[in-house]
Amino acid sequence: MKKEYLAHFFLILESLLYAGSYTVANDASNYISPFELTLLRAIFAAFIFGIVHFISVREKVDKRDLFLLAACSLFGITISNILFFGGLALTTPINASLLTLTSPLFLILFAIIARGEIEIGKLAGVLVASLGGVFLIWGDTGLATDAENPVLGNIMVGASAGSYAIYLTLIRPLLLKYHPLTILRWLFTFGMLYLFPIWGWGLSQIEWSEFNTDVWIALGFILICITFITFLLNTFALKVLDASIVSTYIYTTPLFTALIGILLEGNSSSMSLLIAGVLILFGGYMVSQTNETTEEEEEEDLVVESIV
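Report on the accompanying structure. As the structure is a computational prediction, the values presented were derived from the model and not from experiment.

Here's the deal with the overall build of the protein
Line of reasoning, step 1. Counting its secondary structure elements, the protein contains twelve helices and zero strands.
Line of reasoning, step 2. In the protein, which comprises 308 residues, the share counted as buried stands at 45%.
Line of reasoning, step 3. Within the protein, counting contacts between residues at least 6 apart in sequence, those at least 24 apart form 91% of the total.
Line of reasoning, step 4. Counting only carbon and sulfur atoms, one obtains 68% of the accessible surface of the protein, whose full area is about 15,800 Å².

So this is what it looks like as C-alpha cells:
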C-alpha cells in the first residue's frame, strides 16, 4: 500500500513538472525546433540513464525482450513525439490539449479488444475526467480556430495519443521483469537511433551562440526535469500501478497549468477551474477504485483456486 501511495505522489509530481513546462520552457521554442528538441532529449536521456544504469544496476536484457523494447521506444518515444509536435504546428494548442487527453480512452479500447470485456467503472471514470479536461480548456480559453491545417493537425495529435497508449500497454510486462533504469536506458537508446538519422543534421543548424540565460535555463529544465525526472517517475509508477491509472493523471496537467498561471502570472481563476478540478480528481478516483476492486477479486479467485 505504501508503494502505491508513493507511486501516486510520483505521478502528481510528474504532472506538476509537465505543467511547469508550459510556462518555463517556451523560451527554447524560438531557437530549437520541436523535432531537434526531441532528438536532444533522446540523446541526453540515453546518456544519463546509460551512465546511471552502468553504475548502479548493470542488468542484462534477453534478446527477445530487446525487440519489445525497440517497439516500445518506437511508439512511446519516436512516433508519439513526432506526431504530437508535427500536429501541434498545424492545429491550435487547445485542440492539441484536448486530443492528448484521449490517451486513457485508447487504453480502455485496447483493453476491451484484448480481454473482450468492458470495465464500466473504469470507463466511467475516464469519461468523467475527460469531461473535466474539456471543461477546463474550453471554459477558460474558448474555442480558437487560428491554425494552419487543423484537420490534419488534429488527426496527428490524436494518433500521437494512440501511439502513447500502445506504449503504456506494451511496457507493463517488461516493468514487472526488469529494473526501471534498464527499461529507460534501452527506450532512449533506441529512440536516439530512430531519430538521429532523420534530424541529426538539424543539430548543426542550431545557433547555440545566440542562446541567452533564459534559453539555457529553459533547455536545462526540458532535459533534466521534463525528460530525465518525469520519465523516471512515470516508469517507477507504472511498475506499481495499472497503466489505466497512470494515464488518468494526464488530466491533472491542464489543472496544474491553470493553477501555476494563477500563482505566477496573475491569471484570474474562475468557476470552470473549480468544476474541472472536481471532475478530474473524481474521475481519477473512480479509475483507481475500479482497479483496486479488480485486483482484490483476482486475489480472492487465486485463494479459492489454491484451496480447491
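More follows now that the structure is in view.
Quick word on the nonpolar core
Line of reasoning, step 1. With 50 residues, the main nonpolar core has Leu69, Ile171, Ile183 and Phe188 as its most contacted residues.
Line of reasoning, step 2. Of all the secondary structure elements, the ones that give two or more residues to this core are helix 1 (2–24), helix 2 (34–56), helix 3 (63–88), helix 7 (150–175), helix 8 (180–199), helix 9 (213–240) and helix 10 (243–248).
Line of reasoning, step 3. With six residues, the next largest nonpolar core counts Leu17, Phe221, Ile226 and Leu233 among its residues.

Here's the deal with the pattern of salt bridges
Line of reasoning, step 1. For the structure shown, the criterion picks out two salt bridges.
Line of reasoning, step 2. Note that Asp62 and Lys177 form a salt bridge whose closest N and O atoms lie 3.0 Å from each other. Of this pair, Asp62 sits in the loop between helix 2 and helix 3 while Lys177 sits in the loop between helix 7 and helix 8; the two residues are 115 residues apart in sequence, bridging distant segments of the chain.
Line of reasoning, step 3. Overall, the relative accessible area of 35% leaves Asp62 in the partly exposed class.
Line of reasoning, step 4. On the basis of relative accessible area, Lys177 is assigned to the partly exposed category, the value being 41%.
Line of reasoning, step 5. In the salt-bridge network here, residues are joined through shared partners; they are Asp62, Asp65 and Lys177.

As for the packing of aromatic side chains
Line of reasoning, step 1. Enumeration according to the criterion identifies eleven aromatic pairs in this entry.
Line of reasoning, step 2. Arranged with centres 6.3 Å apart and planes meeting at 50°, the rings of Phe9 and Phe10 form a pair that is tilted.
Line of reasoning, step 3. Given the relative accessible area of 48%, Phe9 is considered partly exposed.
Line of reasoning, step 4. Within the aromatic cluster, the residues linked to one another by ring pairs are Tyr31, Trp208, Phe211 and Trp216.
Line of reasoning, step 5. Over the ring of Phe54 we find Arg58, and its NZ or CZ is 4.2 Å from the ring centre.
Line of reasoning, step 6. Over the ring of Trp186 we find Arg185; its NZ or CZ atom is 4.5 Å from the centre of that ring.

A short note on the packing of helix 3 against helix 7
Line of reasoning, step 1. With their axes 8 Å apart at the nearest point, helix 3 and helix 7 run at an angle of 160° to one another. Between helix 3 and helix 7, the angle is such that the two are roughly antiparallel. Seen along the crossing, helix 3 lies across helix 7 with a hand that is left-handed.
Line of reasoning, step 2. For the contact of helix 3 with helix 7, the per-class residue count stands at 18 nonpolar, seven polar and one charged.

Quick word on the side chain of Thr235
Line of reasoning, step 1. With respect to the secondary-structure elements, Thr235 resides in helix 9.
Line of reasoning, step 2. Its relative accessible area of 1% is what places Thr235 among the buried residues.
Line of reasoning, step 3. A distance of 2.6 Å separates the side chain of Thr235 from the backbone oxygen of Phe231, its partner in a polar contact.
Line of reasoning, step 4. Ignoring sequence-local partners within four residues, the contact set of Thr235 consists of Leu175, Pro180 and Leu184.

What counts and how
- Residues numbered from 1 in each chain as written.
- Predicted model: local features only at pLDDT ≥ 70, side-chain atom pairs only at ≥ 80, totals over all residues.
- Heavy atoms only, no water.
- Helix = DSSP H or I, 4+ residues; strand = E, 2+ residues; numbered from the N terminus.
- Buried < 20%, exposed > 50% of the residue type's maximum accessible area, 1.4 Å probe, protein only.
- Contact = heavy atoms within 4.5 Å.
- Areas by Shrake-Rupley, 256 points an atom, 1.4 Å probe, with all protein chains shown as cover.
- Core = buried A, V, L, I, M, F, W, Y, C linked by side-chain atoms within 4.5 Å.
- Salt bridge = Lys/Arg side-chain N within 4 Å of Asp/Glu carboxyl O.
- Phe/Tyr/Trp six-rings, centres within 6.5 Å; stacked < 30°, edge-to-face > 60°.
- Lys NZ or Arg CZ within 6 Å of the ring centre and 35° of its normal.
- Axes fitted to C-alpha atoms, helices over the stretch in contact; angles between N-to-C directions.
- Parallel < 35°, antiparallel > 145°, perpendicular 65-115°, else oblique.
- Left-handed = near helix turned anticlockwise from the far one by under 90°.
- Nonpolar A, V, L, I, M, F, W, Y, C, P; charged D, E, K, R; others polar.
- Polar contact = N/O pair within 3.5 Å; in protein donor to acceptor, adjacent residues only side chain to side chain.

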